[in-house]
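Structure assessment
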Amino acid sequence: MRQVELLRQTFSRLPNFDLASFWAEQTEAAKAAMPSYSFTLRLPDERLPFLQYHVPGNSQIVMEADGVGWTRARVTVPSAEIAQMLVFGIGAGVEVVEPEDLWLAVTDKARALLQR
């Protein structure tokens with residue numbers, strides 16, 4: 001924004017209008033309307049920085065240790081396509097724990113790449 005112009009036009013809020021509540025409700029409604037795709041990976045600890053760096057800002061990762069040097073990560077991203085990109089980016093050490101449709105999609109794409 002480079003310039004602001006003050007107008008003579010004004011408005012009045014309803015006496016019972018609560019701006020904080022309004023914004024909280026709108027924020028929750030927007031979050032609920034966002035597409036999401038959840039999946040679970042098992043990956044080597046050295047690949048965690050890659051996962052954390054490349055997960056989009058509106059996503060989340062819940063991690064727990066899964067053996068020495070391994071982490072199980074429950075990840076929620078906007079789409080299955082982003083999940084597939086993350087799996088390929090992490091590389092050969094990653095295991096898709098669930099869902100099966102992600103495992104199948106990654107496996108199919110890997111086979112197609114190898115056949116070229």
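Reading the values: the criteria
- Residues numbered from 1 in each chain as written.
- Predicted model: local features only at pLDDT ≥ 70, side-chain atom pairs only at ≥ 80, totals over all residues.
- Heavy atoms only, no water.
- Patch = residues over 30% accessible without salt bridge, like charges linked within 9 Å, V, L, I, M, F, W, Y side chains within 5 Å.
- Areas by Shrake-Rupley, 256 points an atom, 1.4 Å probe, with all protein chains shown as cover.
- Salt bridge = Lys/Arg side-chain N within 4 Å of Asp/Glu carboxyl O.
- Buried < 20%, exposed > 50% of the residue type's maximum accessible area, 1.4 Å probe, protein only.
- Helix = DSSP H or I, 4+ residues; strand = E, 2+ residues; numbered from the N terminus.
- Expected span 1.5 Å × (residues − 1).
- Contact = heavy atoms within 4.5 Å.
- Phe/Tyr/Trp six-rings, centres within 6.5 Å; stacked < 30°, edge-to-face > 60°.
- Lys NZ or Arg CZ within 6 Å of the ring centre and 35° of its normal.
- Pairing = 2+ DSSP bridges.

With that settled, the discussion passes to a nonpolar patch on the surface. A surface patch of nonpolar side chains, about 510 Å² in accessible area, is lined by Leu14, Phe17, Leu19, Phe22 and Trp23. With relative accessibility at 52%, the residue Trp23 sits in the exposed group.

Here helix 4 (residues 100–114) is 15 residues long and its end C-alpha atoms lie 21 Å apart, about the 21 Å a rise of 1.5 Å per residue gives. What helix 4 keeps buried is the set Leu102, Ala105, Val106 and Thr107. Looking at the packing, one finds that the buried side of helix 4 touches strand 1 (37–44), helix 3 (80–90) and strand 4 (95–98).

Attention now goes to the packing of aromatic side chains. Counted by the stated rule, this structure contains three aromatic pairs. Relative to Trp23, the ring of Phe22 lies with its centre 5.8 Å away and its plane at 75°, an arrangement referred to as edge-to-face. Since its relative accessible area comes to 32%, Phe22 is described here as partly exposed. Aromatic side chains Tyr37 and Phe39 sit 6.1 Å apart centroid to centroid with 35° between the ring planes, which places their arrangement in the tilted category. Like Tyr37, the residue Phe39 is buried in the burial classification. Directly above the aromatic system of Trp70 lies the positively charged group of Arg42, at a separation of 4.4 Å from the ring centroid.

We now examine the pairing of strand 2 (residues 60–65). As judged from the six bridges shared by strand 2 and strand 3 (residues 70–77), these two strands associate in the antiparallel manner. Across the sheet, the residue bridging to Gln60 is Thr76, located in strand 3. Linkage of strand 2 to strand 3, two consecutive antiparallel strands, is achieved through a turn of four residues, within which Gly67 is found at a positive phi near 90°.

What follows concerns the pattern of salt bridges. Under the definition given, this model contains five salt bridges. In this structure, Asp66 and Arg42 form a salt bridge, with 2.7 Å as the shortest nitrogen-oxygen distance. With Asp66 in the loop between strand 2 and strand 3 and Arg42 in strand 1, this residue pair connects regions lying 24 residues apart in the sequence. Arg42 shares its class with Asp66; the two are buried. When salt bridges with common partners are traced through the structure, they connect Arg42, Asp66, Arg72 and Glu95 into a single cluster.

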